[in-house]
Structures are given as C-alpha cells and as structure tokens.
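# Descriptive analysis of the structure
Each chain, written out:
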Amino acid sequence: MASVDSSRMANAIRALAMDAVEKAKSGHPGLPMGAADVATVLFSKFLKFDAADPHWPDRDRFILSAGHGSMLLYALMYLTGYKEMTLDQIKNFRQLNSKTPGHPENFITQGVETTTGPLGQGVATSVGFALAERLLAAEFGGDLVDHYTYVLCSDGDLMEGVSHEAIALAGHLKLNKLIFLYDDNSITIDGPIGLTDNVDQVARFKAHGWNARQIDGHDPKAIAAAIRRAQKSDKPSLIACKTIIGFGAPTKAGTSKAHGEPLGAEELAGAKKALDWNYGPFEIPDDVLKAWRSAGRKGKRFNKDWRARLEATPEPQRDEFQRRVIDRKRPADLDEVIRKLKDKLVAEPPTVATRKASELALDVLVPMMPELLLGSADLTPSNNTRTKGLKEVEPGHYDGRYIHYGIREMGMAAAMNGISLHGGFVPAGGTFLCFTDYARPAMRISALAHIPVIYIMTHDSIGLGEDGPTHQPVEHVASLRAMPNMRVFRPADAVETAECWQIALERTKGPTVLALSRQNLTPVRKTAHADNLCAHGAYELIAANGEAKVSIFASGSEVEIAVAAHKQLSDRGIATRVVSVPSLELLLEQPDERRHAIIGKAPVKVAVEALVRFGWDAVIGPEGGFVGMHTFGHSAPAKDLFKHFGITAEAVVNAAETRLR
C-alpha cells in the first residue's frame, strides 16, 4: 500500500468512471471524478469490509446516496476485488442484464447496501442502518455488533426535504456511528448551486445535533483526520468535503457539463493527461490494482476474528443472532401463535376497528418475535402500534423496541428500509393511510428493492368520518395496489387482521401495507380455519344456496355491507355468494385455475368498497356493478357518510337486481 501514492489509486477510480460512461454514451462522470480522493481514503484506510464476503454482518456500511455517481461504487468494487464486479461488468455499464445499472440496486449487485438514485433516499435510509446497528449492539453486545455507517451524499441529497426529516431524527437519537461525507462541489444540473440555494450546511447540521466541519476534499490527510474525529464523536457527523466536480477535466471540471454526460473523446484524453494517467481504456496498472486488492483483503482478519467471537457466544444467543441477522428467518412458532389467536377471536368475537384488531395481534406477536420493531409517525394512540410495556428507543439508549419517528412520514418509511436491509429486525411503522402520499417515494424503494417492511396505515376510508376529505383516502389504496411488488391488505375483522399480519411477517421479498379502519366493524368470520384464508388474496366467505346468480366482492369495512346485502338477496330467492377480498392484487396474482374458482361463474358480479373503482374491473368486468366512491369525501360522522355516498346494502342489492334484469 505504501508504495502506491493515494492520488494514483484515486485516479484509477476516475479513469474507470470516465471510460465506462464514455463507452455507455451515458452516465455521470463528475461525481466519481470529484469524490475519488474521499472514497480512496475511506476504503483504503478506514472502511471495515471484506470484499470476499460482502454479507459479513459486522462490516461497515457504505451508502452512495448520490446514486447517479454509481461508477464510483462500481469502480471501488472492481478495484477491491468483489467477485461479481469484473472488468467486463464495468465495460457493460448501464447495459441490459449487467451488474452495473445506472443507479445502484441492492437486488442486482452484491455489495450494494441499498437502492439509491432518487436524491435524499440514501441519506434517509442510512438513518435506519445506523439505528439498527445501535439496537443490535444493545441487544447482542459490542463483540458481535460494532460498525459504522458511512454515507456519500451530494448537494442534491441535502436539498431534498426528506434530508431534513432524516438528519433531525439521527441527531435527536444521537446516532454517533453515522458519518456523512458530503461531496460539496457546489454544482447542480442547472449550474452553480447559488442559483437555488445558499444554505450553510455545516451550520444546519450543527443545529440538528450533529458534529460538522468543512475540509478540502482533495487533501488525503485532511480527509483522514476528519474521519478519525468523526469516529470518536458522541454525535452523528457531517464532513463537508469541498471538491471539484469532474476533477481533472480540462474545460468541464467545476461546471455542470461534468455532471451527467460523457466527457467526449477530446475532454477525456485531456483529463487523463492532466491526471498523468497514461493508460488505455479500462486499463489499470498492476501496482495500483495490487494496492486496491490489498485494501479489499484487509478486512479478512477482522471478519475471521468476528466469526471466532460468534462461535464463542453462548448457544442461545448465537442461535438467535444466526436466525435473525444471518439467516433472516421468522420464528418457527409464528403459525401456531396466529392459529391460537384466531381460535380465541372466533370464540369471543370482538366488534372492534381493525386498527384495534391489529393491536390485539401485536399483543401476541411482540412477546414471541423480538425482532418486531414497532413505531409511528406521531400517531401512536391512533395507529394502535404500541403494545403494553413496550420500551421506547431514546437518545443514547437503544434497548427499546418502539420508535417515535415524529411527524416524518417519509423519514420513517426510509429509516424502516434501512433497518430491514441492515438485518436483525422486522420494522413496522404507522401513520394515516392518506399520508402514504408523504411516504410514497420511500415506499416505492421498499417495493423496488424487495425490502420486507410493514406499513400500518389506519383511518383507511371515509369511515374515519369528521376529519373530512383531506384525511379520507379514497384513491390511495388503488394507487398502492398499482405499485409492483407492493402488497396491500384491507382486512374485514379481527380474524382477517391476524391472518394478514401473519402473511406480512412471513413475506421476505417485499413490503406490505395493512390498511385498517378507524370505525368498529362487525365480525364476519365465524370459524377460525387452520389455513390462512387470506393467503390467496380472497376467499368465499358465504356460499350461495344453489347455483350462484350473484357474486358480491368486498374488502375491509364493506364486507359487513356485502353480508347484509347477501341476506336481502337470499331472502328474495336470489342465490348469492360473498367473497372477501383482503388483497385484490394478491388475488390477481393467483394461478388461473385458483383465481377463476375464487371469482366464480355467477353472471352478475358486484364489488363494494368505500374507495374508487380503479382495479376492480379485473374481477367484476367493465359491466360489473360497483358501489363505492367516485369523488372525494366530506366531513361528517361515518354512518352519515356511508348513507350520503350510497355505500349501503340496499345499493348493493339494487346493483345486483338491475343487472339480473
């Protein structure tokens, strides 16, 4: 290592980034060129990692929040010796089926901690990584959990509103092992940052309870000294690294022209000349590559020592760590616990809101599932997310299991992404369903990146009543159902709520929304069933007496309306069945035979849901009847609203009879 100058190692990053972007004819060379010195110091002198074992649980986490500069990360991974990151992958930057997509994707590229690209998301997700580390350390001890979370962020990351939510939460919780390396190059796509912003970021972070300072981002000694100080801090740290975007480019360095387009052959040649890099495209001299590969191996001994400590850990604790952090398996008795709860709920059926039914489920889940980490965005009493005796996470005290996220919906969702990706916990956080609008960018990352978080979204329709149309989410469920890999459940009673919790907890490849009512609901499940009836998205709740003429489909609070309509139609001699549909999109994912069997062959199909129709035609067809919302809601008691908007059993009966005629 000592025989190779740090600047030559940094220039290897710059060269690979320039060459890859040039070959792809698209990409962002400016950030990798500007931040190469910072990355070189971090990876060669400080970052605890083992390139041969990207999933080592006690590795330091490195998050490239400025995901557009992905070639910085890919270059580092190739240079340090990650097995999957070959030179051919670098040459295939931004090409179909490569391991080097335009923005880093954790589900594509081994060694990428989290999907980034939408600015601010990496910053906010990192808070969850850092919090998970502190929580696990409090539970399992520093011998097994002791690592830092480093974030390379940009001007754009810190302009995004979610950065305010994230850094405020991190500062409040005193997450001192979280270190931001801010690529302070003062350039955005439109030009100098002065066009739009004059925030003193160092002062801003200090105001949020961070240690913060500015350094020369091209001075390796200053970078190293700043990181050492940050590692000893009792607060999270910001190191504002003053850099030149496109460092080395003869005419584009320091300008927006270096940001998001290839340099061009002439500028690229000029940059290599200025950097004294006399090598061809994708060519790395042996001494530089050896120095980088040595950096990639230096964590191997730390990894080995850690595994020895794990092996020496008492068996019960070791097995729990293995299950939760390494294997990421759910408790073996989860199914049995839910089955017993269902038996109790059928024996003593409660008439409660499904938000309360969710709390009843959590009462039995929390004691048997220590990794279940609950929280709310300042709506704990309304979301019913905190069970009795559940200890809170407090600044500097991380032995709790309940997080007060504050009024920070997107910050909460992003932090839960980081908690889940870190490993060791299953995060579940609550707010009102209408506020998925605030959380949506982070929820989309959950779905895209296959992150198993649980969103407890209460007050799910006009049934919330007097708060009015600003809080009544008539269109939100449809929009969430439209999101690929986002699973939405809207249970009808306490039994369905328990089953939906089980499905959500068993899901390990994507997020789940539990859309829960504010108002009390009449129990509709009369038998418990050993099987989870919600697991296929829908099931026949009430069979027809004879060959069905009408099928009524409903979710959530409207299932009891469907049941009442069934009675009226049956009393009139019309053979009717009721299908409960807690998850419309899960029903539509079923194999053809099962889906057709659940939907049935009744000539008349009617759906009832106190939401918009969008999505239901896949079940009822364009000529099917729909009883639901067509506008925004109003402020009034829930019962009055259902009558006002015509969401009643009588309306369902009328829709069925009209189509029968």
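Throughout what follows, the structure given in this document is the object of discussion. All figures in this text were calculated on a predicted structure; none of them were measured in a lab. (Residues numbered from 1 in each chain as written. Predicted model: local features only at pLDDT ≥ 70, side-chain atom pairs only at ≥ 80, totals over all residues. Heavy atoms only, no water.)

## Some remarks on the overall build of the protein chain
Let me state the cut-off plainly: Here a strand is any run of E in DSSP of at least two residues, a helix any run of H or I of at least four, and the numbering for each starts at the N terminus. Throughout this description, buried means an accessible area under 20% of the type-specific maximum (1.4 Å probe, protein chains only), exposed means over 50%, and partly exposed covers the range between. Whether two residues touch is decided by their heavy atoms; if any such pair falls within 4.5 Å, the residues are in contact.
Secondary structure assignment for the protein chain yields 26 helices and 18 strands. Here the C-alpha coordinates of the protein chain stretch approximately 90 × 55 × 45 Å along the principal axes. Residues counted as buried form 62% of the 661 residues belonging to the protein chain. Summarising the internal contacts of the protein chain: among those between residues at least 6 apart in sequence, 77% fall at separations of at least 24.

## Quick word on the pattern of salt bridges
Let me state the cut-off plainly: When a carboxyl oxygen of Asp or Glu is within 4 Å of a side-chain nitrogen of Lys or Arg, the pair counts as a salt bridge.
This structure, assessed with the given rule, holds 35 salt bridges. Of the charged contacts in the structure, one is a salt bridge between K177 and D146, with a shortest N-O distance of 2.1 Å. With K177 in the loop between α7 (161-173) and β3 (178-184) and D146 in the loop between α5 (121-140) and β2 (149-154), this residue pair connects regions lying 31 residues apart in the sequence. Relative accessible area serves as the criterion here: at 9%, K177 is assigned to the buried category.

## What about the sheet that holds strand β7 (residues 237-242)?
We count it as follows: Two strands pair under a simple rule: DSSP has to find at least two bridges between them. Every angle, taken between N-to-C directions, lies between 0 and 180 degrees, and every axis is a line fitted to C-alpha atoms, over only the stretch in contact when it is a helix.
Taken together, 5 strands build an open sheet; the order of strands is β1-β2-β3-β7-β6 and the sheet is parallel. Where the open sheet ends on each side, the last strands, each with one partner, are β1 (61-64) and β6 (211-216). Between one strand axis and the next, the sheet turns through 20 degrees on average, direction left out of account. Bridge count between β2 and β3: 6 bridges; the pairing is parallel. Within β3, the residue paired with C153 across the bridge is Y182.

## Structural notes on the environment of G122
Of note, G122 is situated in helix α5. Judged by relative accessible area, G122 falls into the buried class, the value being 0%. In contact with G122, other than residues within four places in its own chain, are I63, S65 and T116.

## Here we look at the environment of T243
Basically, it comes down to this: Under the rule applied, a polar contact is a pair of N or O atoms within 3.5 Å (in protein, one hydrogen donor and one hydrogen acceptor; residues adjacent in sequence only if both atoms are side-chain atoms).
One can find T243 in the loop between β7 and α10 (265-274). Under the relative-accessibility criterion, T243 is labelled buried at 6%. Spatially, the C-alpha atoms of T243 and L144 are 36 Å apart, while their sequence positions differ by 99 residues. With near-sequence residues (within four places) excluded, T243 lies in contact with G34, D183, D184, N185, G217 and H218. Within the local environment of T243, its side chain forms a polar contact with the side chain of D183, the two groups lying 2.5 Å apart.

## A short note on the sheet that holds strand β10 (residues 426-432)
Judged by pairing direction, the sheet is parallel, and its 6 strands sit side by side in the order β9-β8-β10-β11-β13-β12 without closing on themselves. Of all strands in the sheet, those with a lone pairing partner are β9 (402-404) and β12 (487-489), marking the two edges. Geometrically, the sheet is characterised by an average inter-axis angle of 20 degrees between neighbouring strands, direction not taken into account. Where strand β8 (residues 372-376) and β9 come together, 3 bridges link them in parallel fashion. Residue pairing across strands places G375 opposite I403, the latter belonging to β9.

## Digging into unusual backbone geometry
Positive phi is not limited to glycine here, since K25 has a value of about 60 degrees. Mapping K25 onto the fold places it in the loop between α1 (6-24) and α2 (30-46). Unlike most non-glycine residues, D378 shows phi in positive territory, near 65 degrees. On the secondary structure map, D378 appears in the loop between β8 and α16 (380-383).

## Looking at the packing of aromatic side chains
Applicable threshold: The criterion for an aromatic pair is that two Phe, Tyr or Trp rings (for Trp, the six-membered ring) have centres within 6.5 Å, with stacked assigned to planes under 30 degrees apart, edge-to-face to planes over 60 apart and tilted to the rest. Two conditions define a charge located above a ring, namely a distance within 6 Å from the ring centre to NZ of Lys or CZ of Arg, and an angle within 35 degrees of the ring normal.
Counted by the stated rule, this structure contains 13 aromatic pairs. Residues F140 and F321 carry aromatic rings whose centres are separated by 5.2 Å and whose planes lie at 85 degrees to one another, so their mutual orientation is edge-to-face. Taken together, the residues F140 in helix α5 and F321 in helix α13 (residues 315-327) connect sequence positions 181 residues apart. Note on F140: relative accessible area 7%, which makes it buried. These aromatic residues form a ring-pair network of at least three members: F43, F49, F62 and Y82. One residue, R293, lies across the ring of Y78, its end atom 5.1 Å from the ring centre. The ring of Y402 has R386 lying over it, and the distance from NZ or CZ to the ring centre is 5.7 Å.

These values are about where atoms sit, not about what they do.
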